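# Per-entry structural report
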Amino acid sequence: MRGLTTFNIGGPAEFVVSPENAEQAMNIILWAREHHVPIAYVGKGSDTLCSDGGVKGIVLHTAKMTKVTISTNGIITAECGVGLPALAQAAARQGYSGLEWAAGIPGSVGGSVLMNAGAYGGEMSGVVDWVRVFDGQNIIEIDDHDFDYRHSIYMENPEWLILEASFTLWADSQDDIQARMKQLAKERQKKQPVDIPSAGSFFKRPPKRFAGALIDGCGLKGYSIGGAQVSRKHAGFIVNACSAECRDVMQLAEYVRQTVQRQTGVELTPEVHLLGDIQWNF
């Protein structure tokens, strides 16, 4: 699974299947359920920590489900495997704004809708119209997503596979859109450890606080366990600094959580999804 996650961490999957369209994906899910084979969904693996022991059963990898349709009224439909940078660029080329904040997020449409991904003041909740999911029996179109900070109705139904999503954007100058994306890219490059494997921001933002600032204030920048390290550039990131294993990351995350709680009284909660036979001890 190392090659299927941005953390570059994880043991072998028993099976990896990459459907090319919704029909193939649904057939895989139906087969897995009929034969009582566990199945997990992975897109870009950008917010995922996988067990060193790997994953039993099937990993349905959506990377080939990348169809994008753009209408003349700013409605964009994208399959679950489309990368956010590709989607943002496709919209920009047609003069549609609203996804500039997403241009640097290394996630897929499916995973980003699932967790209501966001950055620099933008979120999926601000642009998503309807979402089509396969619930194991039927395709359902949903327009009430129960979006909240790093939350959606799809997180409450992990057996659903997000097939595609529709986005409502607005017209703007291509030059202005590209300029905003370039500026945000500079900010990201300056402030975040984009050149080191990670799962992005590791902890959710506490109410009225910032996880990175709390961790930094506890003197934890650069603190390491095994190959895992609290980023020296941005303390909100745990990075794979040197051939880290899953257990290194989990031990470091727990140490950070306990230290911040002890020194500040704030309880941090990971936003990273776990894959395989692992779970948090809190």
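The structure this text deals with has already been given above.
The text that follows walks through the structure, step by step, so that each part is easy to find.

As a further point, take helix α1 (residues 22–34). Between the first and last C-alpha of α1 there are 18 Å, a value that for 13 residues agrees with the 18 Å anticipated at 1.5 Å per step. Among the residues of α1, A25, M26, I28, I29 and A32 are the ones counted as buried. Along α1, the residues classed as buried sweep out an arc of 155° about the axis, all on the same side. In α1, the exposed positions that point more than 90 degrees away from the buried face belong to E23 and E34. Where the residues of α1 are buried, they touch β1 (13–17), β2 (39–42), β4 (55–61), β10 (128–134), β11 (139–142) and β12 (161–168). The opening residue of α1 is N21, an N-cap whose side-chain oxygen sits 3.2 Å from the backbone nitrogen of E23.

Looking at where H234 falls in the secondary structure, it is placed in the loop between β16 (228–230) and β17 (237–240). What makes H234 partly exposed here is its relative accessible area of 27%. Between the C-alpha atom of H234 and that of L169, which follows or precedes it by 65 residues, the distance is 31 Å. Non-local contacts of H234, meaning those with residues more than four positions away in its chain, are made with K191, Q192, P193, G212 and K221. Polar side-chain contacts of H234 include one of 2.9 Å to the backbone nitrogen of G236.

All right, on to the sheet that holds strand β14 (residues 198–201) then. Strand pairing in a sheet is mediated by backbone hydrogen bonds. Such pairs are either parallel or antiparallel. Strand order in the open sheet made by the four strands is β14-β17-β16-β15, with antiparallel pairing throughout. In this open sheet, the two edge strands, each paired with only one partner strand, are β14 and β15 (224–225). In this sheet, β17 lies alongside β16 in antiparallel orientation, the contact comprising three bridges. Residue pairing in the sheet places A228 in a bridge with N240 of β17. This element, helix α6 (residues 246–264), spans β15, β16 and β17 of the sheet and lies at about 30° to β16.

So, how was this worked out
Residues numbered from 1 in each chain as written. Predicted model: local features only at pLDDT ≥ 70, side-chain atom pairs only at ≥ 80, totals over all residues. Heavy atoms only, no water. Helix = DSSP H or I, 4+ residues; strand = E, 2+ residues; numbered from the N terminus. Expected span 1.5 Å × (residues − 1). Buried < 20%, exposed > 50% of the residue type's maximum accessible area, 1.4 Å probe, protein only. Arc of directions from axis to C-beta. Contact = heavy atoms within 4.5 Å. Polar contact = N/O pair within 3.5 Å; in protein donor to acceptor, adjacent residues only side chain to side chain. Pairing = 2+ DSSP bridges. Axes fitted to C-alpha atoms, helices over the stretch in contact; angles between N-to-C directions.

These values are about where atoms sit, not about what they do.
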